[in-house]
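Each chain, letter by letter, is given below.
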Amino acid sequence: MEKNNQMILAIETSCDETAMAIIKNGQEVVANVVASQIESHKRFGGVVPEIASRHHIEQITVVLEETLKKANMTMDDIDAIGVTEGPGLVGALLIGVTAAKSLAFAYQKPLIGVHHIAGHIYANRLLKEFQFPLLSLVVSGGHTELILMREHGKFEVIGETRDDAAGEAYDKVAKSIGLTYPGGPQIDKLAQVGEDTYHFPRALMDDESYDFSFSGLKTAVINTIHNTKQKGEEVSNENIAASFQASVVDVLVSKTYRAVKEHDVKQLIVAGGVAANQGLRAKLEDTFKQEDVEVMIPPIQYCTDNAAMIGAAASIAFEQGHRASFDLNANPSLSLERYAKRSVK
Ligand code: KG4
Ligand code: ZN
């Protein structure tokens, strides 16, 4: 192996995927393994933290073996270990953090803590080099944020949700029409065949901030379903899905457009599970096709939780000199800005 190749082993266990990856030089995926627990959580209508932790414990060594085998490597080939330290479910995060610390201690490798959202953003660097200033629209089950980056590893949150995250709203609306968890992809599919007949509200659309709000929209959808049923009329799930999606996508894209213009960014990055949404992808492409900004949306397997993205973010942190000590702990509510301000040690 060439000496100057940097190999990062990355671990992600913040929610319901036990994931590990090996990333070469920050941008090349050598191996990427994701063990999903979705089937175990489906019957409960969402992720059950205790069940998630138990699955991570069962899976973590199996996933490690598979990742090394896929890469045809041993721990000796690894230069550093990156792990999601937060935010996420504390019990779930702890499994990954403990595994990472154990490996770092046993094999004498540097340890790097990674913020989960930094990972979602850096998933895009697996496709192409970043150009600054860069704006990232992060839309996942737990987050809806507009993040401005002027350099690697520095994150400025310029807008965020005041209540529910976009993915959370998708999952709740899906549940209200009887769909199983996670509902986002199913609403997306229904929306393709429905029409925006209900014209749900677009919250904070004319507000000067870059903040979002989705809980009013979720309530409007649930009330509409309820009222329609009470009148003895049939609810069109396709039209509910299409109308809900039109409202979410309109707000996301219009705020993103304004932020792109105001900050004169070179690249727009879309990250997180909801970045897989077909309606959002189509509207973003259409809105920015005439604009002088490069829109980057990762392939679906890098939109939802994975460890390749954690490896990509860890690689930059490693180059910048960040090292975690063995007192690294799971931090369920770690803020991106606090993470970015951590000192180099
Ligand atoms: O990033 P992610 O895998 O996990 C978190 O960090 O939260 O995002 C999961 C979220 C879920 O709410 C799921 O319903 C949503 O992403 N999602 C989608 C789509 N695919 C996943 N939402 C809308 N349309 C999709 N195609
Ligand atoms: Zn995520």
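Everything here concerns the structure above.
This one's a predicted model, so the numbers in the text were calculated from it and none came from an experiment. (Residues numbered from 1 in each chain as written. Chains lettered and ligands numbered in written order. Predicted model: local features only at pLDDT ≥ 70, side-chain atom pairs only at ≥ 80, totals over all residues. Heavy atoms only, no water.)

Here we look at the sheet that holds strand 1 (residues 7-12)
Turning to step 1, where the next piece is worked out: Read across the sheet, 5 strands follow the order 3-2-1-4-5 without closing on themselves; strand pairing throughout is mixed. The outermost strands of the open sheet, each flanked by one partner alone, are strand 3 (28-36) and strand 5 (111-115). Mean inter-strand twist for the sheet, computed between neighbouring axes without regard to direction, equals 20 degrees.
Turning to step 2, where the next piece is worked out: As defined by bridge partners, strand 1 adjoins strand 2 (residues 17-24) across 6 bridges and the pair is classed as antiparallel. Note that in strand 2 the partner of Ile11 across the bridge is Met20.
Turning to step 3, where the next piece is worked out: Running at roughly 155 degrees to strand 4 (residues 80-86), helix 3 (residues 90-107) makes contact with strand 1, strand 4 and strand 5 of the sheet. (Pairing = 2+ DSSP bridges. Helix = DSSP H or I, 4+ residues; strand = E, 2+ residues; numbered from the N terminus. Axes fitted to C-alpha atoms, helices over the stretch in contact; angles between N-to-C directions. Contact = heavy atoms within 4.5 Å.)

Observations regarding the pattern of salt bridges
Oppositely charged side chains are able to pair whenever their charged atoms sit close together.
Turning to step 1, where the next piece is worked out: Under the definition given, this model contains 14 salt bridges.
Turning to step 2, where the next piece is worked out: Its salt-bridge partner being Arg125, residue Glu129 comes within 2.9 Å of it at the nearest N-O pair.
Turning to step 3, where the next piece is worked out: The class for Glu129 is partly exposed, based on a relative accessible area of 37%.
Turning to step 4, where the next piece is worked out: For Arg125, a relative accessible area of 8% corresponds to the buried category. (Salt bridge = Lys/Arg side-chain N within 4 Å of Asp/Glu carboxyl O. Buried < 20%, exposed > 50% of the residue type's maximum accessible area, 1.4 Å probe, protein only.)

As for the pairing of strand 4
Turning to step 1, where the next piece is worked out: Along strand 4, 7 of the 7 residues are buried, which leaves the element largely enclosed by surrounding structure.
Turning to step 2, where the next piece is worked out: Of the pairings in the sheet, the one linking strand 1 to strand 4 comprises 4 bridges and is parallel in character. When the bridges of strand 4 are listed, Ile11 appears paired with Val83.
Turning to step 3, where the next piece is worked out: Note: strand 4 against strand 5, 5 bridges, orientation parallel. Looking at strand 5, one finds that Thr84 is bridged to Val114.
Turning to step 4, where the next piece is worked out: For the crossover from strand 4 across helix 3 to strand 5, the handedness is right-handed. (Right-handed = clockwise from strand over helix to strand, strands pointing away.)

Quick look at the sheet that holds strand 10 (residues 294-296)
Turning to step 1, where the next piece is worked out: The 5 strands lie next to each other as 8-7-6-9-10, forming an open sheet whose pairing is mixed. The sheet terminates laterally at strand 8 (156-160) and strand 10, the two strands that pair on one side only. Here the average twist between neighbouring strands, direction ignored, is 20 degrees.
Turning to step 2, where the next piece is worked out: One ladder, built from 4 bridges, connects strand 7 (residues 144-149) with strand 8; its direction is antiparallel. Its bridge partner being in strand 8, Ile147 is matched across the sheet by Val157.

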